[in-house]
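# Summary of the model geometry
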4 protein chains.
Amino acid sequence: MPKYIPRRADYRHFTTVPTRWADQDALRHVNNAVYYMYFDTAVAGFLHGTGILDGHHSEVTAVVVETLCRHHAPAFFPDVLAVGLRVASIGTSSIRYEIGIFREGEDTACAEGHFIHVHVDRREMSRTRPVPDALRAALVPLMVQPAPG
Amino acid sequence: MPKYIPRRADYRHFTTVPTRWADQDALRHVNNAVYYMYFDTAVAGFLHGTGILDGHHSEVTAVVVETLCRHHAPAFFPDVLAVGLRVASIGTSSIRYEIGIFREGEDTACAEGHFIHVHVDRREMSRTRPVPDALRAALVPLMVQPAPG
Amino acid sequence: MPKYIPRRADYRHFTTVPTRWADQDALRHVNNAVYYMYFDTAVAGFLHGTGILDGHHSEVTAVVVETLCRHHAPAFFPDVLAVGLRVASIGTSSIRYEIGIFREGEDTACAEGHFIHVHVDRREMSRTRPVPDALRAALVPLMVQPAPG
Amino acid sequence: MPKYIPRRADYRHFTTVPTRWADQDALRHVNNAVYYMYFDTAVAGFLHGTGILDGHHSEVTAVVVETLCRHHAPAFFPDVLAVGLRVASIGTSSIRYEIGIFREGEDTACAEGHFIHVHVDRREMSRTRPVPDALRAALVPLMVQPAPG
């Protein structure tokens, strides 16, 4: 049975990320590592918008502990991508973001994956800290039921 | 006498380039090398828009022979930058593009520089070729008098 | 029970990858996306060394269909990293590479993950092709039993 | 008269920088912006080695105010580049580094340029500070007469 490929309706928040010429590698498509820059731009942009956790001044910051990306189709310069974001689960100190990347005019993701943050003390960077309550509240509109399987 | 810093009106074509989280380095501002990715995205995007020289299929392509960037002020994530483009001169096979980068709400460039293309045979990549006539025509709206000094 | 963190002995081939200043982001450690550039440099370098599949001239090339990275500890500039490579499984057209990244003087991975290639016709980039026999042979020294769990 | 292209003997300190697969763009050579990552890795690595100015803890840090790169020939993955460094001039608060990039087995630079640092207070990042005396001393072995023209 073919694997389900996420659609735009599966995500709750979208960030527009234009590709850059240098995103493409010698295979003339966007390099696999660059998708993770789209991922963390979407997450960091959402977090910055909340004003709660900005990576510069806040007491708590978040570090990435695991990411995954599945590629269904290539993207190219000058694609203007829509990076969809949702939150699948929030633990004591971690948040699992899920991301889908869409080319213009397409409803199935060209790439999708997850991005797991653990919250830590911003100065020590290693002591785990609870997800701030204000952040939990800000993430409510992004929450979905976890994808089956 | 303070050096002249370019303004938006000094450029003829603008490309919107949102910064990415990973554009920032450990000094917490956009890394100097990343500005050149903004430069070549602006030039490549303009060229792609003309349909004349796209780097994938056209007979002639362009390679960078010299770039320069002067930094007047830092940029940060999540700045959405306006990358201004103008053409200062067109030689037999070369084009000198000039670029100014502007943060939102600012009229003086945070960074500015130039980007010189030489046109070459796309397959051999080393044999110089004249700037295609169609490209010369497409660049007329971007032409300015060369900056003094 | 604490999760097993891979050690150097778990990998079969090592590539030295010095970090770069710009690899670090505003959290002053290597950005999560950059680890995937270490991953694909290790895989592409191994493949280039075989002379079988170089991404420029060979009939078959490989595209990335899935990657994952788990982060156990940060890396910093100017770390000189050892990128360990092994092959966990080879299917009809796909290869699952597994990667562990080690800082100097450390025997447990600061990051680890996988990188799955599917082989395709280099011109069409979408038609799946079998893993070339010469490549299967070249990968024998990298084969390991798949990690339990 | 053909322009002089720098040779290895024109530089005083060398850093080995292996190219990465993703350094190449869709023209299948190292992207122009990436050379500046080689530049700032060479400068930051030298500075880190002195222990004087490391960008993390020192009172004074350095920000880039101007860079230039001229390209004489392409570089490719998996080239292992030698990045040559010299200091052409030291002002009250600024240092002009000059860089030449060499492919293995080649004595003329495939790319060369300059990289100008201004020293600033690390916390405020905008107040100019004198080049520290210890740094002036550490740079003596890198000093050359400025290139003519």
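Since the structure is predicted, the reported quantities are computational estimates derived from the model, not experimental observations.

## Quick look at the pattern of salt bridges
Tallying each qualifying case throughout the model produces 44 salt bridges over all chains. Between Arg-129 of chain D and Asp-121 of chain D there is a salt bridge; the shortest N-O distance is 3.1 Å. A residue is classified by how much of its surface remains accessible, and Arg-129 of chain D, at 19% relative accessible area, is buried. You can call Asp-121 of chain D buried: its relative accessible area is 10%. Salt bridges sharing partners connect three or more residues here, namely Glu-59, Asp-121 and Arg-129 of chain A.

## With respect to the sheet that holds strand β4 (residues 94–102) of chain B
Across a sheet, paired strands are connected by hydrogen bonds in the backbone, their directions being either parallel or antiparallel. Reading across from one edge, β1(B)-β3(B)-β4(B)-β5(B)-β2(B)-β2(D)-β5(D)-β4(D)-β3(D)-β1(D) is the order of the 10 strands in this open sheet, with antiparallel pairing throughout. Both outer strands of the open sheet, β1 (13–18) of chain B together with β1 (13–18) of chain D, are each paired with one neighbouring strand and no more. If you compare each strand with its neighbour and ignore which way they point, the axes differ by 25 degrees on average. Pairing of strand β3 (residues 80–90) of chain D with strand β4 (residues 94–102) of chain D, which is carried by eight bridges, proceeds in the antiparallel orientation. Residue pairing for β4 of chain D: Gly-84 of chain D is matched across the bridge by Gly-100 of chain D. Across the sheet, helix α1 (residues 32–50) of chain B lies against β1, β2 (60–71), β3 (80–90), β4 and β5 (111–121) of chain B together with β2 (60–71) and β5 (111–121) of chain D, angled at about 55 degrees from β5 of chain B, the strand it touches most. The strands that helix α1 (residues 32–50) of chain D touches are β2 and β5 of chain B together with β1, β2, β3, β4 and β5 of chain D; relative to β5 of chain D, the one it contacts most, it runs at about 55 degrees.

## Here's the deal with the interface of chain A and chain B
Across the boundary between the two partners, chain A contributes 24 residues, which contact 24 residues of chain B. There are two salt bridges connecting chain A and chain B. Asp-23 of chain B is the salt-bridge partner of Arg-20 of chain A, the closest N and O atoms lying 2.8 Å from each other. If you look at where chain A meets chain B, you find six residue pairs in polar contact (both at pLDDT 80 or more). Within the residue set of the side of chain A that touches chain B, elements represented by two or more residues are β1 (13–18) and α1 (32–50) of chain A. Ranked by the residues each element gives to the side of chain A that touches chain B, the list is headed by α1 of chain A, at eight residues. Residue composition of the side of chain A that touches chain B, by class: 10 nonpolar, eight polar and six charged.

Each value, and the rule that gives it
- Residues numbered from 1 in each chain as written.
- Chains lettered and ligands numbered in written order.
- Predicted model: local features only at pLDDT ≥ 70, side-chain atom pairs only at ≥ 80, totals over all residues.
- Heavy atoms only, no water.
- Salt bridge = Lys/Arg side-chain N within 4 Å of Asp/Glu carboxyl O.
- Buried < 20%, exposed > 50% of the residue type's maximum accessible area, 1.4 Å probe, protein only.
- Pairing = 2+ DSSP bridges.
- Helix = DSSP H or I, 4+ residues; strand = E, 2+ residues; numbered from the N terminus.
- Axes fitted to C-alpha atoms, helices over the stretch in contact; angles between N-to-C directions.
- Contact = heavy atoms within 4.5 Å.
- Polar contact = N/O pair within 3.5 Å; in protein donor to acceptor, adjacent residues only side chain to side chain.
- Nonpolar A, V, L, I, M, F, W, Y, C, P; charged D, E, K, R; others polar.

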